[in-house]
Amino acid sequence: MDAVEEAKYEWREYCEDGWEYDLDPMDFETEEEYQDALEEAIQCSEESDDF
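The rules we used
- Residues numbered from 1 in each chain as written.
- Predicted model: local features only at pLDDT ≥ 70, side-chain atom pairs only at ≥ 80, totals over all residues.
- Heavy atoms only, no water.
- Salt bridge = Lys/Arg side-chain N within 4 Å of Asp/Glu carboxyl O.
- Helix = DSSP H or I, 4+ residues; strand = E, 2+ residues; numbered from the N terminus.
- Buried < 20%, exposed > 50% of the residue type's maximum accessible area, 1.4 Å probe, protein only.

Let us now look at the pattern of salt bridges. For the coordinates displayed, the defined rule picks out one salt bridge. For Lys8, the salt bridge goes to Glu29, with nearest N and O atoms at 3.0 Å. With Lys8 in helix H1 (residues 2-8) and Glu29 in the loop between helix H2 (11-14) and helix H3 (31-49), this pair connects stretches of sequence that are 21 residues apart. A relative accessible area of 43% places Lys8 in the partly exposed class. On the basis of relative accessible area, Glu29 is assigned to the partly exposed category, the value being 38%.

Encoded structure:
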């Protein structure tokens, strides 16, 4: 069972670091959820920098 869990969450090892946006891959079930949250955080950050 450990091998299944390891394969399921392997993406956490190589995903883009989201610490700057207070995002932790451990808080997300899938890579897609994490990437969506990261993209949204980056976009919000860029928008706030425009003001």
